[in-house]
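# An overview of the molecular structure
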Amino acid sequence: MPAAGNTIYLSFDDGPHPVITNFVLDELKKYNAKATFFCIGKNVALYNDVYERILQEGHATGNHTHNHLNGWKTGNKAYVENIDTAAGFIKSNLFRPPYGKIKNSQRRILSAGPQKFKIIMWTVLSGDFDILISPELCADNIIKNTGAGSIVVLHDSEKAFERLKYALPAVLKYFSEKGYSFKSIAF
């Protein structure tokens, strides 16, 4: 059994969403779990009340661009401008590139810029976005690959919801019973 101080960092990309993010927040609350939400700026603009709930309940947020841009397919100037637009809605120095795709030059610009972004990737990719896997396989994937210090990425998006609504409660229950705690990422 792990020591009481073992921590897992759950993170959610692509929200906020008025139904799915509220589901996630309700599930997290049942376990007194904190998480980090990497938000898309246009979604924060659309669903600011959900974004405010994330903050009010003590979770962290991060920037995930304004329009879910792929850094590998976007020029540096356009990429940084899109992140700056999102930063008008998301007050955080945490950044996660959509798809995990970011050029080294973009990484340098963001890290050295006025916001001094901390780029946060993950250690466990849940697979909840993959419509070809079952909800049970998604949960098993997380459980088998997660341990103390893991950063798990899930998605509060419509595409992932079928798997997320099964996997998140299962993961929270499993690791809570094993003595783990869930915290948000902070720098």
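All figures in this text were calculated on a predicted structure; none of them were measured in a lab. (Residues numbered from 1 in each chain as written. Predicted model: local features only at pLDDT ≥ 70, side-chain atom pairs only at ≥ 80, totals over all residues. Heavy atoms only, no water.)

We now examine the overall build of the chain. Within the chain one finds seven helices and eight strands. Scaling as 2.2 N^0.38, a compact globule of 187 residues should have a C-alpha radius of gyration of about 16 Å, and the chain matches this with 16 Å. Seen along its three principal axes, the alpha-carbon backbone of the chain occupies a region of about 45 × 35 × 30 Å. In the chain, which comprises 187 residues, the share counted as buried stands at 51%. Approximately 8700 Å² of the chain is accessible, and the part contributed by carbon and sulfur atoms is 55%. One finds the centroid of the 22 positive side-chain charges in the chain at a distance of 8 Å from the centroid of its 17 negative side-chain charges. (Helix = DSSP H or I, 4+ residues; strand = E, 2+ residues; numbered from the N terminus. Rg over C-alpha atoms; globule rule 2.2 N^0.38 Å. Buried < 20%, exposed > 50% of the residue type's maximum accessible area, 1.4 Å probe, protein only. Areas by Shrake-Rupley, 256 points an atom, 1.4 Å probe, with all protein chains shown as cover. Lys, Arg positive; Asp, Glu negative; His and termini not counted. Charge placed at Lys NZ, Arg CZ, Asp CG, Glu CD.)

Running from amino to carboxyl end, helix α1 (residues 20-30) crosses helix α3 (residues 48-56) at an angle of 15 degrees, the nearest separation of the two axes being 10 Å. Here α1 is positioned roughly parallel relative to α3, judged by the angle of their axes. The two elements α1 and α3 meet at a crossing, and its hand is left-handed. Across the interface between the two elements, Thr21, Asn22, Leu25, Asp26 and Lys29 from α1 touch Val50, Arg53 and Ile54 from α3. Split into classes, the residues belonging to the contact of α1 with α3 amount to three nonpolar, two polar and three charged. (Axes fitted to C-alpha atoms, helices over the stretch in contact; angles between N-to-C directions. Parallel < 35°, antiparallel > 145°, perpendicular 65-115°, else oblique. Left-handed = near helix turned anticlockwise from the far one by under 90°. Contact = heavy atoms within 4.5 Å. Nonpolar A, V, L, I, M, F, W, Y, C, P; charged D, E, K, R; others polar.)

Turning our eyes to something else, we now look at the nonpolar core. In this structure, Leu10, Phe12, Val24, Leu28, Phe37 and Leu168 are the most contacted members of the largest nonpolar core, which totals 33 residues. Residue assignment for this core shows that the elements contributing at least two residues are β1 (7-13), α1, β2 (35-39), α3, α6 (135-145), β7 (151-155) and α7 (161-177). Top element by residues in this core is α7. It accounts for six residues. For Phe12, the contacting residues outside a window of four places in its chain are Val24, Leu28, Ala35, Thr36, Phe37, Phe38, Leu154, His155, Asp156, Leu164 and Leu168. Of all hydrophobic cores here, the second largest spans eight residues; its members include Ile83, Phe95, Phe117 and Ile119. (Core = buried A, V, L, I, M, F, W, Y, C linked by side-chain atoms within 4.5 Å.)

Quick look at the packing of aromatic side chains now. Going through the model one piece at a time under the given rule, you end up with six aromatic pairs. The interplanar angle of 85 degrees and the centroid separation of 6.2 Å between the aromatic rings of Tyr79 and Phe95 together place this pair among those described as edge-to-face. Here Tyr79 is found in helix α4 (residues 76-87), whereas its partner Phe95 is found in strand β4 (residues 94-95), with 16 residues between them in sequence. Accessibility classification places Tyr79 together with Phe95 in one group, the buried group. An aromatic cluster is present here, built from Tyr79, Phe95 and Phe117 joined pairwise through their rings. (Phe/Tyr/Trp six-rings, centres within 6.5 Å; stacked < 30°, edge-to-face > 60°.)

Within the secondary structure layout, Ala112 lies in helix α5 (residues 104-112). The exposure class of Ala112 is exposed, given its relative accessible area of 54%. For the pair Ala112 and Phe95, spaced 17 residues apart in the sequence, the C-alpha separation amounts to 13 Å.

This paragraph deals with the side chain of Gln106. Looking at where Gln106 falls in the secondary structure, it is placed in helix α5. Within the structure, Gln106 has its side chain in polar contact with the backbone oxygen of Thr74 (distance 3.0 Å). Aside from chain neighbours lying at most four places away, what touches Gln106 is Gly71, Thr74, Gly75, Asn76 and Tyr79. (Polar contact = N/O pair within 3.5 Å; in protein donor to acceptor, adjacent residues only side chain to side chain.)

What follows is about the pattern of salt bridges. This model, assessed by the stated rule, comprises seven salt bridges. For Asp26, the salt bridge goes to Arg53, with nearest N and O atoms at 2.5 Å. In this pair, Asp26 sits in helix α1 while Arg53 sits in helix α3, placing the two residues 27 residues apart along the sequence. Assessed through its relative accessible area of 39%, Asp26 is described here as partly exposed. Between Glu27 and Lys30 there is a salt bridge, and its shortest N-O distance comes to 2.8 Å. (Salt bridge = Lys/Arg side-chain N within 4 Å of Asp/Glu carboxyl O.)

The interhelical angle for the contact between α1 and α7, taken along N-to-C directions, is 10 degrees, at an axis separation of 10 Å. Relative to α7, α1 is oriented roughly parallel. On the side of α1, the interface is formed by Ile20, Phe23, Val24, Glu27 and Leu28, while α7 contributes Phe161, Leu164, Lys165, Leu168, Pro169 and Leu172.

Interpretation note: all reported values are geometric properties and have no functional meaning in isolation.
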